[in-house]
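If you want the building blocks of each chain, they are given just below.
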Amino acid sequence: MPRPRRWPPTIHTHHSGYDFIRIHEQGRVREIRLGPTGSPEARAAYARVLAELEGGGATKAQQSATKRNNSLTLTVADLAARWLDHALRHYRNDRQEYVNHLAALRPLLRLYAGLPGAEFGPRCLRVVLLAMASGSWLTPEERARSRRPSGWCRRVCNRNLVRLRTMFRWLEAEELVAGGTSARLATVRGLARGEATDRAAVQPAPEADVARALPEMGLAVRALVELQLLTAARPSELLGLRPCDLIREGRLDLGGGLALDAGGVWFHLPGEHKTAHHGRRRVLLFGPRAQAVLAPFLHGRPADRPLFSPRETAAACLLTAGRPVRFARGRKPGDAYRPDSYLRAVQAACRRAGVPPFTPYQLRHNAGTRLVEQWGWDVARIVLGHATVQTTAIYALDDLRKAAEAIRKCG
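The present account deals with the structure reproduced in this document. Counting restarts for each chain: residues are numbered from 1 in the order of the written sequence. Only residues with pLDDT of at least 70 are given local features in this predicted model, and only at 80 or more are side-chain atom pairs given and counted; all residues enter the totals for whole chains, interfaces and linings. To obtain the side-chain values, all non-hydrogen atoms of the structure were included, while hydrogens and water were left out.

## Some words on the overall build of the protein
Stage number 1. Strands are runs of DSSP state E lasting at least 2 residues, helices are runs of H or I lasting at least 4, and numbering of each runs from the N terminus. Of the regular secondary structure elements, the protein holds 18 helices and eight strands.
Stage number 2. Under the scheme applied here, a residue whose accessible area is under 20% of the maximum for its type counts as buried, over 50% as exposed, and between as partly exposed, the area being computed with a 1.4 Å probe on protein chains only. The proportion of buried residues among the 411 residues of the protein is 41%.
Stage number 3. Values of accessible area rely on a 1.4 Å probe in the Shrake-Rupley scheme; residue burial ignores everything except the protein chains shown. When the accessible surface of the protein is totalled, it reaches about 23,600 Å², and 54% of it is carbon and sulfur.

Shown next as C-alpha cells:
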C-alpha cells in the first residue's frame with residue numbers, strides 16, 4: 001500500500017458516529033473505518049493504519065480480512081452513505097437520477113437504517129417495496145402533508161426497487177457487503193398489477209386551457225411554454241439556455257468533415273440532458289416561429305447570461321403591474337428558472353386563469369402528438385430525442401380520427 005500524498009491522513013467523523021480516513025490509491029479513494037467517534041479503539045486503529053502505511057502496507061490477506069470485518073459492522077445507513085458518495089460523482093451529468101436515488105433511499109433508511117448490512121436480505125427488501133406502495137413508512141404528520149398519502153404508484157415503486165438493487169450491486173463490487181448479496185436481492189420481484197395503484201398515463205394539456213393560461217404568465221414563463229409547444233423540448237433543456245448556446249448560422253457541424261445545412265433553422269446541443277450518460281447527442285431545433293419567440297430575449301443580452309430570468313420577470317411585473325412577484329418560502333429570484341420554480345409559475349397562472357393546472361411535461365406531450373399527426377413517427381422520434389419509436393408512443397396519442405375514417409370506408 002503506497003503512502004498517501006497527504007501525510008498523515010486526516011481523521012473524518014461520519015454522521016453515523018464513527019471515525020474513518022480516506023486513502024487515495026491508483027486513482028481511487030478507499031475509506032478505512034477506525035471505530036466509534038473519539039473512542040480508544042478508533043485511536044488504536046488509526047495508529048495501526050499509520051504504521052502499516054509507513055511500513056509499506058499490510059499483506060493482501062490482512063487487507064481482505066480488514067475489509068470483511070468492516071463489511072460485517074457497517075449498518076444499512078453506512079452503506080447508503082458510501083453509495084451516495086459514489087452516486088454523486090457517477091450521476092454528475094444526470095442530477096435528476098441522483099435525486100431519484102435519494103428518494104428511493106428514504107423508505108429504506110426509515111425502516112432499516114440501524115440494521116447491520118450483512119443482515120439485509122430479500123425479505124427486508126420486499127418489506128421496503130410494499131412500504132413504498134402503501135406509504136406505511138411515513139409518519140402520520142408526513143402522510144397528512146403528502147400529496148400521495150396512499151404511497152407511490154406501481155411504476156415508481158418498481159423503478160426504485162431497481163435503484164436499490166443497483167446500490168447493493170455496487171456495494172458488493174466494492175466488497176462492502178458479502179458476495180452473492182446482489183444475486184439474492186435480485187430474486188425480489190417487482191409489484192404486479194393490482195398490488196399498488198397504477199397512475200394514469202400523462203396526457204397532453206387541453207389546448208383551450210393552455211390558451212387561457214398564457215395571458216396570465218410572465219413574459220419569460222410564457223416564452224418557455226410557447227417554445228416547448230414549438231420544439232418539443234424538455235423543460236430542463238430550455239431553462240438555462242443562453243445566447244452563446246444557440247447555433248444561428250443554420251449550419252450544424254456533424255464531425256468528420258460533414259455538416260448539415262438546415263436552411264435557417266437554429267440549433268442547440270445541450271451538454272447535459274436525460275440520455276447523455278448513454279452517449280447520445282441531443283439536438284434542439286428552432287424554426288422561424290420559435291426564433292420569433294426568442295428574439296426579444298436575445299436583444300442586447302450578454303452571451304453567457306440565461307435568457308429566461310426570474311429576477312427580470314419580477315422587475316418587469318413590478319414596473320408594469322405595480323405589484324411584486326411572490327416567490328416560494330421568501331426566496332429571492334435567481335438568474336434562471338429551475339424545474340420546480342417553472343412548474344410553480346405555470347400552475348399559478350392556471351389558477352389565476354381558472355383552469356385545471358397542467359405541467360410543463362404535458363406540453364411536451366402536446367408537441368409529440370402534433371408531430372406524429374403531421375409528420376409521422378420517425379420525424380417525431382428525432383425531434384423528441386428518442387432512441388426508439390416505442391418511447392415516442394408514450395408522448396403521442398393514437399390518432400383515432402384516422403382509424404375511424406378507415407373503418408367508416410372499409411368496415
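## Regarding the packing of aromatic side chains
Stage number 1. Pairing of aromatic rings covers Phe, Tyr and Trp, the last counted by its six-membered ring, and requires centre-to-centre distances within 6.5 Å; plane angles under 30 degrees mean stacked, over 60 mean edge-to-face, and any other angle means tilted. For the coordinates displayed, the defined rule picks out six aromatic pairs.
Stage number 2. In this structure an aromatic cluster arises from ring pairing among Tyr112, Phe120 and Phe168.
Stage number 3. Looking at Arg33, its charged tip hangs above the ring of Tyr18, at a distance of 4.1 Å from the centre. By definition here, charges over rings are those cases where NZ of Lys or CZ of Arg is within 6 Å of the ring centre and within 35 degrees of the ring normal.

## Let's talk about the packing of helix α4 (residues 95-112) against helix α5 (residues 122-134)
Two numbers describe a pair of packed helices, the interaxial angle and the distance between the axes.
Stage number 1. Between α4 and α5, whose axes approach to 10 Å, the crossing angle comes to 120°. Considered as vectors, α4 and α5 are oriented oblique to each other. In this structure, α4 meets α5 at a crossing whose hand is right-handed. For the pair formed by α4 and α5, the contact residues are Ala104, Pro107, Leu108, Leu111 and Tyr112 on the first element and Cys124, Val127, Val128, Ala131 and Met132 on the second. Here, axes are lines fitted to C-alpha atoms. For helices the fit covers the stretch in contact, and angles between N-to-C directions go from 0 to 180 degrees. For this classification, under 35 degrees means roughly parallel, over 145 means roughly antiparallel, 65 to 115 means roughly perpendicular, and everything else is oblique. When the near helix sits turned anticlockwise from the far one by under a right angle, the crossing is termed left-handed; a clockwise turn instead gives a right-handed crossing. Here a residue-residue contact requires only that any non-hydrogen atoms of the pair lie within 4.5 Å.

## Focus on helix α14 (residues 339-353)
In an α-helix, one turn spans 3.6 residues, which is why side chains three or four residues apart end up on the same side.
Stage number 1. Here α14 contains 15 residues, and its C-alpha end-to-end distance of 21 Å stays within 8% of the 21 Å for a straight helix at 1.5 Å per residue.
Stage number 2. The complete set of buried residues in α14 reads Ser341, Tyr342, Val346, Ala348, Ala349, Cys350 and Ala353.
Stage number 3. Buried residues belonging to α14 abut α9 (207-213), α10 (219-231), α11 (235-239) and α15 (360-375).
Stage number 4. Gly354 lies just past α14 and shows a positive phi near 75°. Under the convention used throughout, the expected extent of a helix is 1.5 Å for every residue step, that is, one less than its residue count.

## A look at the sheet that holds strand β4 (residues 246-247)
The pairing of strands in a sheet happens through backbone hydrogen bonds and is either parallel or antiparallel.
Stage number 1. Ordered by their spatial adjacency, three strands build an open sheet running β4-β7-β8, and the pairing between neighbours is antiparallel. Only two strands of the sheet have a single neighbouring strand rather than two, namely β4 and β8 (284-286).
Stage number 2. Here, any two strands with at least 2 DSSP bridges between them count as paired. Judged from the three bridges that link them, strand β7 (residues 266-268) and β8 form a sheet pairing that is antiparallel. In the sheet register, His268 faces β8, and the bridge partner there is Leu284.

## Examining the pattern of salt bridges
When their charged atoms lie close together, side chains carrying opposite charge are able to pair.
Stage number 1. Salt bridge, as used here: a side-chain nitrogen of Lys or Arg that lies within 4 Å of a carboxyl oxygen of Asp or Glu. Throughout the structure, instances matching the rule amount to eleven salt bridges.
Stage number 2. One salt bridge connects Arg163 with Glu97, and the closest N-O pair in it is separated by 2.8 Å. With Arg163 in helix α7 (residues 154-173) and Glu97 in helix α4, the pair connects residues that are 66 residues apart, well separated along the chain.
Stage number 3. A salt bridge links Arg338 to Asp340; its shortest N-O distance comes to 3.2 Å.

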